[in-house]
Amino acid sequence: MPPKIRELVSRLERAGFRDRGGKGSHRNFVHPNVSKPVTLSGNPKDDAKHYQIRAVDRAVEESQS
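A brief structural summary. Values in this document were obtained by computation on a predicted structure and should not be read as measured data.

Reading the values: rules and limits
Residues numbered from 1 in each chain as written. Predicted model: local features only at pLDDT ≥ 70, side-chain atom pairs only at ≥ 80, totals over all residues. Heavy atoms only, no water. Pairing = 2+ DSSP bridges. Helix = DSSP H or I, 4+ residues; strand = E, 2+ residues; numbered from the N terminus. Core = buried A, V, L, I, M, F, W, Y, C linked by side-chain atoms within 4.5 Å. Buried < 20%, exposed > 50% of the residue type's maximum accessible area, 1.4 Å probe, protein only. Contact = heavy atoms within 4.5 Å. Arc of directions from axis to C-beta.

Right, let's talk about the sheet that holds strand S1 (residues 18–19) for a bit. Overall, antiparallel pairing links the three strands, which are arranged S1-S2-S3 in an open sheet. Each end of this open sheet is capped by a strand with a single partner; those strands are S1 and strand S3 (38–41).

Okay, structure coming up:
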């Protein structure tokens, strides 16, 4: 079962990402050590898509290096 959007958001926030807002159900997260922002779309209760999970994994990994 895939994680929920809210779980991805909390993972990004724990890694030091900041939500800079977005339009509608989109949220953009930025981190000073990561080159590109991470955009998550969907309501917090929705299941995350495979590409969203992969984007969060890569961004968190890049923020720690």
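This part covers the nonpolar core. In this structure, Leu-12, Phe-17, Phe-29, Val-38, Leu-40 and Val-56 are the most contacted members of the largest nonpolar core, which totals 13 residues. Listing elements by their share of this core, those giving two or more residues are helix H1 (5–14), S3 and helix H2 (50–64). Examining the composition of this core, we find that four residues originate from one element, H1, more than from any other. With near-sequence residues (within four places) excluded, Phe-17 lies in contact with Leu-12, Phe-29, Val-30, His-31, Val-34, Val-38, Ala-59, Val-60 and Ser-63.

This brings us to H1. Those residues of H1 that sit buried are Ile-5, Leu-8, Val-9 and Leu-12. The arc enclosing the buried residues of H1, seen along the axis, measures out at 100°, which places them on a common side. Of the surrounding secondary structure, the elements contacted by the buried residues of H1 are strand S2 (26–30), S3 and H2.

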